[in-house]
Amino acid sequence: MKGRIHSIETCGAVDGPGLRYIVFTQGCPLRCKYCHNPDTWKLQDGNEADTEELITDILKYKSFMKASNGGVTVSGGEPFLQADFVRDLFIKCKENGLHTTIDTSGYVDIENADPVLDYTDLVLLDIKSYNQNIYKNLTGVPLDRTLALAKHLEKRGIPIWIRYVLVPNLTDNEEDIEALATFLETLTNVERIDILPFHKMGEYKWEQLGYEYELTDTIEPNIDATNKAADIFRKHHLPII
Ligand code: SF4
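Numbers given for residues are sequential positions, taken from 1 along each chain in its written order. Reporting of local features is limited, given that this is a predicted model, to residues whose pLDDT is at least 70; pairs of side-chain atoms are given and counted only at 80 or more, and all residues count toward the totals for whole chains, interfaces and linings. Values shown for side chains rest on all heavy atoms present in the structure; no hydrogens or waters enter the calculation.

### Things to note about the UniProt feature "domain: Radical SAM core" (unreviewed entry) in the protein chain
Stage number 1. UniProt positions are given in the numbering used here, feature names are shortened, and annotations may be inferred rather than shown by experiment. The sites that carry the UniProt feature "domain: Radical SAM core" (unreviewed entry) are, in the present numbering, residues 14-239.
Stage number 2. For the annotated span residues 14-239, helix accounts for 39% and strand for 18% of the residues, and the straight-line distance between the end C-alpha atoms is 16 Å. In this description a helix means any DSSP run of H or I spanning at least four residues, a strand means any run of E spanning at least two, and both kinds are numbered starting from the N terminus.

Here it is, written out as structure tokens:
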């Protein structure tokens, strides 16, 4: 089956457990103000890829993945935008005994997600804010689907790793983090929480693409701010990394 991808990383170490073969899919319905891959946004850009060719390439790295308890991660862009393509790739991964992870914003209808989730071992769920207004302002889309997916994944018994990008004056509000932690504490499938300090490494891409980058004057959070956020999650007995 064919799909459109942005790029491939053959030896990733942060997008799921162990060493991972990472496929970055093309296309995203969100427009996050801090996106470091705005070149993934338009589905028609990127390159055509075939799941048969991808699995052939993936299997070259199988011994590294197996030795490290790693596997295959599909990230984006937003992978669920090409749900059939990701499902087909994951079916091939499972046929070959490989662990599968999807990295998503959660902006997807449950009925579109389910056929992919049938072959998904782990979900990296990016919850960009728990404040509805800030979420909409930051991403351009509403938050509800992401929270609905989190609850649905719990029901299905699929573990999640939460990713939270800490942006000064945008997502570092203690009340919002507290509210997110309170929500996450009610779920039984949260295996880990990663706080990712905001950085501007993708800013040059916005300039190259002719997009206006609104966070030029936003500074990267200091260690105290990151620790403060981590303490809130810890207070709610959440596994913070
Ligand atoms: S969901 Fe990811 S790829 Fe899409 S705009 Fe946000 S940061 Fe960029």
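### Structural notes on the site of the ligand
Stage number 1. The nearness test applies per residue and asks whether one of its heavy atoms lies within 4 Å of the molecule or strand. The environment of the ligand is made up of Cys 28, Leu 30, Arg 31, Cys 32, Cys 35, Thr 40, Trp 41, Gly 77 and Lys 128.
Stage number 2. Each residue gets one label: Ala, Val, Leu, Ile, Met, Phe, Trp, Tyr, Cys and Pro are nonpolar, Asp, Glu, Lys and Arg are charged, and the others, such as Gly, are polar. Across the shell around the ligand, the residue classes break down as five nonpolar, two polar and two charged.

### Thoughts on the nonpolar core
Stage number 1. Leu 184 and Phe 233 are the most contacted members of the largest nonpolar core, which totals 68 residues.
Stage number 2. Considering every element that reaches this core, the biggest residue donor is helix α3 (residues 83-95), with six residues.
Stage number 3. By definition, residues are in contact when any of their heavy atoms lie within 4.5 Å. Each residue touching Leu 184, except ones within four places of it in the same chain, is listed here: Ile 127, Ile 162, Val 190, Ile 193, Phe 233 and Leu 238. The criterion is simple. A nonpolar core is a set of buried Ala, Val, Leu, Ile, Met, Phe, Trp, Tyr and Cys residues joined through side-chain atoms within 4.5 Å. The classification of residues rests on relative accessible area computed with a 1.4 Å probe and restricted to protein chains. Under 20% of the type maximum is buried, over 50% is exposed, and intermediate values are partly exposed.

### Quick word on unusual backbone geometry
Stage number 1. With omega at 10°, the peptide bond leading from Gly 76 into Gly 77 counts as cis.
Stage number 2. One non-glycine residue with positive phi stands out, namely Asn 69, at about 55°.
Stage number 3. Mapped onto the secondary structure, Asn 69 falls in the loop between α2 (62-67) and β4 (71-75).
Stage number 4. Positive phi is not limited to glycine here, since His 237 has a value of about 60°.
Stage number 5. Mapped onto the secondary structure, His 237 falls in the segment after α9 (223-235).
Stage number 6. On the basis of relative accessibility, which here comes to 67%, the residue His 237 falls in the exposed class.

### Regarding the packing of aromatic side chains
Stage number 1. Each pair of aromatic rings taken from Phe, Tyr and Trp, with Trp reduced to its six-membered ring, is defined by centres within 6.5 Å and is described as stacked if the planes are under 30 degrees apart, edge-to-face if over 60, and tilted in the remaining cases. Counted under the stated rule, the structure contains seven aromatic pairs.
Stage number 2. Centroid distance Trp 41 to Tyr 211: 5.1 Å. Interplanar angle 20°. Geometry classified as stacked. Within this pair, whereas Trp 41 is found in the loop between β2 (20-25) and β3 (47-50), its partner Tyr 211 is found in the loop between α8 (203-209) and α9, the two being separated by 170 residues in sequence.
Stage number 3. We classify Trp 41 as buried; its relative accessible area is 8%.
Stage number 4. Through a chain of ring-to-ring contacts, the aromatic side chains of Trp 41, Trp 206, Tyr 211 and Tyr 213 assemble into a single cluster.
Stage number 5. Think of it as a cone above the ring: NZ of Lys or CZ of Arg counts as a charge over the ring if it is within 6 Å of the ring centre and within 35 degrees of the ring normal. Taking NZ or CZ as reference, Arg 145 lies 4.4 Å from the ring centre of Tyr 107, over its face.
Stage number 6. Here Arg 192 stacks its cationic end above the ring of Trp 161, 4.2 Å away from the centre of that ring.

### Observations regarding the environment of Pro 29
Stage number 1. Looking at the secondary structure, you find Pro 29 in the loop between β2 and β3.
Stage number 2. In this structure, the C-alpha to C-alpha distance between Pro 29 and Val 86, residues 57 residues apart in sequence, is 17 Å.
Stage number 3. Setting aside chain neighbours within four positions, we find Pro 29 in contact with Glu 78, Leu 81, Tyr 107 and Val 141.

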